[in-house]
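Each chain, written out:
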Amino acid sequence: MSFLELNNVRKTFGQTDAVRAFNLQVERGEFVSFLGPSGCGKTTTLRMIAGFELPTSGAIVINGDDVTYKPPQKRNTGMVFQSYALFPNMTVGDNIGFGLKIAGEPKSAIQKRVDEMLAIIKMEKFGARYPYQLSGGQQQRVALARAIAIRPQVLLLDEPLSALDAKIRVSLRQEIRAIQQKLGITTIYVTHDQEEALSLSDRVVVMNDGRIEQVGTPFEIYNFPTTEFAAQFVGTLNTIQATVRDAARGALIVANQEITTSQKLDGLRNGDAHSIAIRPERVSFAADGKKPNVLNVRIENITFLGSIVRVQVSAGENIFYMDTFNNPFLSLPKIGDHAEVTFSKEAVLVLKNK
Amino acid sequence: MKKFPIWSWLMILLGFTYFLLPLIGTLDFSLRILKDQLSLDAYVNVLNAVRFQNTFTYSFTMALWTIVACTLLVAPTAYWVHLKLPHLRPVIEFITLLTFVVPAILLVFGLIRIYSRPPLSLMESEIGSDFLLVMGYVSLALPYMYRAVDNGLRAIDVRTLTEAAQSLGAGWRIILFSVIFPNLRAALLSGAFLTFATVIGEFTIATFLARPAFGPYMANLGQTRPYESTALTIISLALTWASIGMIQLLGRGAQGQLVGTR
Amino acid sequence: MQTTTTLPAPSAPRARAFSFAWLGVVPFFLFAILFLILPSGILLIGSVQNARGEFTLENFGGLFQESIANSYILSLQLSVTTAVVGGIFGFLLAYAAILGGLPRSVRTTLLTFSGVASNFAGVPLAFAFIATLGRLGFVTVLLKDLLGFDLNQTGFSVFGFLSLTLTYIYFQFPLMVLIIAPALDGLKKEWREAAENLGASAWQYWRIVAFPVLLPSILGTMILLFSNAFGAVATAYALTGGNFPLATILIFRQIRGEVLGNPGLGYAVAVGMVIIMGGSLAIYYFLQRKTERWLKQ
């Protein structure tokens, strides 16, 4: 039995299904992200775990205890909100100690725990300040400390970084991960930012329209997306129209040129039209040596993105991107030039048609 | 499975009872000028009274002058302060607050003391007294007029709008009347309606400046003609409703006057 | 001498930056001086002069004579009572309409009614209460006919303190509703959720978070209601015909030359009121600043 289980959890608001048949097992100490666009049901699922919403059906079990219909107060989860939600009338110390005070712990124990928490978030000197005297990043660290001060069984974070500046977002997310690993606390993290999900998580749950699209490690999600949605939502993806030439051999035609994939073309017949997908960074300019997949393309546009250079190319009707690492000695073709690009058989993803 | 909010409903019921009971009572009373039957005679009497027509017209005119004077005083000042003299904002706000500290009765006390004797004997002449009345009303209207305009100016980016207009070659007149004021229309109008509701039945200042205004007439009528004065109460309530209704329509939300003419 | 010669240096650029921008606010300041500051100032000057125009503080000593002190006390009693009762009533109403789980239309209706009622004051309001609670008033008759309860037998008079209190509350509680509504909206849903998440019951959330957050707004608004009632005169005058000795009515009659006799004393009564109004406004601003800081995000 896993530490946190969601079994067939459904939630409907009136006529709309916010979450449908959600099944997930989370192990003790695991960091799991719910990733998806807004309205995909990720926050609703999180709020059901916290107890702010009741599932229409299904069960939520934390550490062997069925909490499905328990009020939020009885669940021992720690929640961090997007808007920080610090109590404005209390100091940082009182905010962090709030849960312990409610639990009736003695003053000295509260003070000790608050000091511990302040040390963890590296804000030892801020205990007597009020929330309005802090920056957004500091407020969110205090909110995190407040949530973990009660030693929750599960830490729940609802888009905790989306209200912050880009720079602080990156540093704070590393801090969150470090604290989580240090305390070994089971964590659910809701985000619409794929970079956050991939960099933080042990596992990522990609969600769309109330459904789980794919569950896997960041590595699996990025490299082996199983659905078109997961492939599209995580990272940049080129979708290319192809025609099956020889299903048995994995051969396809793109703009009158043959390419092959290492994936199976099950259920497809020769002559079927089907879309394939390739990540931009898997495509490179072909050196002279012959490789399995070479496409003759025209350079359409070149965009400088800092560490990488994104080149837009066309092959027949298809327009797609390729990324090359930037370096000062890079010699790039000019717009309008023709070039040969190549990619491995493994890079060609065959997507399930919807 | 939310439980029925019974306490909330009870509270609201109590509140609306308090709201409505005096209104129903007044309406009922105003219809009982004839013994044992309901009639509109009190309304007919009052609407036909020459003094009603005169005082109401007078107060209506004064209300319009107040609105014009207050707009011309507040809107350009607030705009100018936003644009050029932002450090003066606390000073202006402080001045508008003075009217909270010096309510109508004290204001008129001071006004009489100054303007009833040389060198500034405005009260010697009718027109001077009218002018003084309007200025007194402008003082009363100042805080919420200023706040309405200030909020309106904050909502639009005055500086950028002005600079955009300037870069397109507009002069000051065009900037003010074609760019800034139209954007403040809702704020100015809601301030105007609130001013109207405040001033139309104003009693204290009008009494001491001895003006033939609606408020003192109403008070006077109360001493002698209870049914007619109650009918007037309903009429002035209808005017208040209309003014607040207009403000609601403008989407500004209801506002309350403070220390105005109570 | 050294210092005086070096002083102009830093102010030189400021002098160059001097513009005629201030001309734009001249009309406003002229108005403020002529019709706000001068009238207030003349009251202050008058209050420290005796009949011969010499400086004196005697007038303020006169404030403690029984009739004047009683007026102040009566005004304070009326203002505090109506501010507290109207404030609590208005707060409960606003709370019920905004956070009490009622349909949104209730809130809109309440705010509109409050807008009207808070602006329905002065002479017509007094008449409305006479028509309702007077000897032949609507409620008086209703109570007698339906319940056999004779209001007139209880010593209640529509011209007395209780009646005046009820009348003032008619504009006090709607004002509370209007001013406190944004503060109630400012209570974030997340605060409640965060408190629940940390184990707090609904009552604990209310006691430790929501009420302390609202308290400065509640107190501040009550202070506004207090000054609102303290400076009012038309309602009381029309209701009681000038026979109810509030501080404002004392001034009303002083201007008419009916009481006191000593002009300096009249000014002192006025200045005393200004001081009370100013003081309460200062407290209001202090409280207001506190909540604004809390709720700024």
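Further up the page is the structure itself.
Since the model is a prediction, treat every value here as computed from it, not as a measurement.

All names here are of chain B. It is at 12 Å that the axes of helix H3 (residues 50-83) and helix H8 (residues 172-183) come closest, and there the two elements cross at 100°. The angle between H3 and H8 places the two elements in the roughly perpendicular class. Two secondary-structure elements touch here, H3 through Ala-75, Pro-76, Tyr-79, Trp-80 and Leu-83 and H8 through Trp-172, Ile-175, Leu-176, Ile-180 and Phe-181. Looking at the contact of H3 with H8, its residues break down into 10 nonpolar, no polar and no charged.

For the rest of this paragraph, the subject is helix H3 (residues 107-120) of chain A. All names here are of chain A. Across its 14 residues, H3 extends 20 Å between first and last C-alpha, which sits within 8% of the 20 Å expected from 1.5 Å per residue. All of the buried residues along H3 are Ile-110, Arg-113, Val-114, Met-117, Leu-118 and Ile-120. Angularly, the buried residues of H3 cover 155° about the axis, an arc narrow enough to put them on a single face. Facing away from the buried side of H3 by over 90 degrees, the exposed positions are Ser-108 and Lys-112.

Attention now moves to the sheet that holds strand E13 (residues 257-260) of chain A. All names here are of chain A. In space, the 5 strands of this open sheet follow the order E13-E12-E11-E14-E20, with antiparallel pairing throughout. The open sheet has two edge strands, E13 and strand E20 (349-350), and neither has a second partner. Note that strand E11 (residues 238-246) and strand E12 (residues 251-254) share 3 bridges and pair antiparallel. Across the sheet, Asp-246 pairs through a bridge with Ala-251, a residue of E12.

All right, on to the interface of chain C and chain A then. Of the residues lining the interface, 22 residues belong to chain C; the matching set on chain A comes to 23 residues. Regarding the contact of chain C and chain A, the summed buried area is about 2200 Å², with carbon and sulfur atoms giving 62% of it. For chain C, the biggest contributors to the area lost against chain A are Asn-197, Leu-198 and Trp-294 of chain C; these three give 31% of the whole. Summed over the shared surface of chain C and chain A, the result is 1 salt bridge.

This part is about the pairing of strand E19 (residues 338-343) of chain A. The side chains of a regular strand alternate between the sheet's two faces. Residue and element names in this part refer to chain A. Sheet analysis places strand E15 (residues 284-285) next to E19, joined by 2 bridges and oriented antiparallel. Counterpart to Ser-284 in the pairing with E19 is Thr-342. Summarising the sheet, strand E16 (residues 293-304) and E19 pair through 6 bridges and their orientation is antiparallel. Counterpart to Val-294 in the pairing with E19 is Thr-342.

Okay, the environment of Ile-200 of chain B next. All names here are of chain B. Mapped onto the fold, Ile-200 is located in the loop between helix H9 (185-199) and helix H10 (204-208). On the basis of relative accessible area, Ile-200 is assigned to the buried category, the value being 6%. For the pair Ile-200 and Gly-215, spaced 15 residues apart in the sequence, the C-alpha separation amounts to 7.4 Å. The contacts of Ile-200, once residues within four sequence positions are left out, are Phe-56, Ser-59, Phe-60, Phe-214, Gly-215 and Leu-239.

What follows concerns the interface of chain B and chain C. Each side of the interface is counted separately: chain B has 81 residues, and chain C has 85 residues. Counting across the interface, chain B meets chain C through 0 salt bridges. Among the elements of the structure, helix H1 (6-30), H3, helix H4 (89-101), helix H5 (104-115), helix H6 (126-155), H10, helix H11 (214-224) and helix H12 (226-249) of chain B are those that each provide at least two residues to the side of chain B that touches chain C. The leading source of residues in the side of chain B that touches chain C is H1 of chain B, at 18 residues.

Moving on, we get to the packing of aromatic side chains. Residues and elements named next belong to chain A. Considering all chains together, one arrives at 42 aromatic pairs over all chains under this definition. Both rings, one in Phe-22 and one in Phe-34, keep their centres 5.5 Å apart while their planes meet at 55°; by these two values the pair is tilted. Taken as a pair, Phe-22 in strand E2 (residues 16-26) and Phe-34 in strand E3 (residues 31-35) lie far apart in primary sequence, 12 residues in all. Taken individually, Phe-22 and Phe-34 each receive the classification buried, so the pair is uniform in this respect. Geometrically, the ring pair formed by Phe-87 and Phe-98 is tilted, given 4.7 Å between the ring centres and 50° between the ring planes. Of the two residues, Phe-87 is situated in the loop between strand E6 (77-80) and helix H2 (92-102) and Phe-98 in helix H2; the sequence distance between them amounts to 11 residues.

Attention now moves to the pattern of salt bridges. Within this structure, the stated rule accounts for 25 salt bridges over all chains. For Glu-175 of chain A, the salt bridge identified is with Arg-141 of chain A, shortest N-O distance 3.3 Å. Taken together, the residues Glu-175 of chain A in helix H5 (residues 166-183) and Arg-141 of chain A in helix H4 (residues 136-149) connect sequence positions 34 residues apart. Neither residue differs from the other here; Glu-175 of chain A and Arg-141 of chain A are each classed as buried. Between Arg-32 of chain B and Asp-28 of chain B there is a salt bridge whose closest N-O contact spans 2.9 Å. You can call Arg-32 of chain B partly exposed: its relative accessible area is 39%. Look at the salt bridges and you will find they share partners, linking Asp-17, Arg-20, Asp-209 and Arg-211 of chain A into a network.

Residues and elements named next belong to chain A. The sheet built from 6 strands is open, its strands ordered E6-E7-E8-E3-E9-E10 with mixed pairing. In this open sheet, the two strands that pair with only one neighbour each are E6 and strand E10 (211-216). When the angles between neighbouring strand axes are averaged without regard to direction, this sheet yields 15°. Of the pairings in the sheet, the one linking strand E7 (residues 154-158) to strand E8 (residues 186-191) comprises 5 bridges and is parallel in character. Within E8, the position partnered with Leu-156 by the bridge is Ile-188.

Side chains that are nonpolar tend, in soluble globular proteins, to be buried together. Residue and element names in this part refer to chain A. Counting residues in each nonpolar core, the largest one holds 229 residues, and the members touching the most others are Phe-34, Phe-98 and Ile-188. Discounting chain neighbours no more than four positions away, the residues touching Phe-34 are Phe-22, Leu-24, Lys-42, Thr-45, Leu-46, Ile-49, Ile-188, Tyr-189, Val-190, Thr-191, Val-205 and Met-207. Counting 33 residues, the second-largest nonpolar core is a separate cluster that includes Ile-96, Leu-118, Ala-145 and Leu-161.

Looking at where Ser-118 of chain C falls in the secondary structure, it is placed in helix H6 (residues 104-119). A polar atom in the side chain of Ser-118 of chain C sits 3.3 Å from the backbone oxygen of Gly-115 of chain C.

Moving on to a nonpolar patch on the surface. All names here are of chain B. Together, Phe-4, Ile-6, Trp-7, Trp-9, Leu-10 and Leu-13 give the surface a local cluster of nonpolar side chains, amounting to about 730 Å² of exposed area. Residue position: Ile-6 is located in helix H1. With relative accessibility at 47%, the residue Ile-6 sits in the partly exposed group.

Rules used throughout
- Residues numbered from 1 in each chain as written.
- Chains lettered and ligands numbered in written order.
- Predicted model: local features only at pLDDT ≥ 70, side-chain atom pairs only at ≥ 80, totals over all residues.
- Heavy atoms only, no water.
- Axes fitted to C-alpha atoms, helices over the stretch in contact; angles between N-to-C directions.
- Helix = DSSP H or I, 4+ residues; strand = E, 2+ residues; numbered from the N terminus.
- Parallel < 35°, antiparallel > 145°, perpendicular 65-115°, else oblique.
- Contact = heavy atoms within 4.5 Å.
- Nonpolar A, V, L, I, M, F, W, Y, C, P; charged D, E, K, R; others polar.
- Expected span 1.5 Å × (residues − 1).
- Buried < 20%, exposed > 50% of the residue type's maximum accessible area, 1.4 Å probe, protein only.
- Arc of directions from axis to C-beta.
- Pairing = 2+ DSSP bridges.
- Buried area = accessible area lost by both parts, 1.4 Å probe.
- Salt bridge = Lys/Arg side-chain N within 4 Å of Asp/Glu carboxyl O.
- Phe/Tyr/Trp six-rings, centres within 6.5 Å; stacked < 30°, edge-to-face > 60°.
- Core = buried A, V, L, I, M, F, W, Y, C linked by side-chain atoms within 4.5 Å.
- Polar contact = N/O pair within 3.5 Å; in protein donor to acceptor, adjacent residues only side chain to side chain.
- Patch = residues over 30% accessible without salt bridge, like charges linked within 9 Å, V, L, I, M, F, W, Y side chains within 5 Å.
- Areas by Shrake-Rupley, 256 points an atom, 1.4 Å probe, with all protein chains shown as cover.

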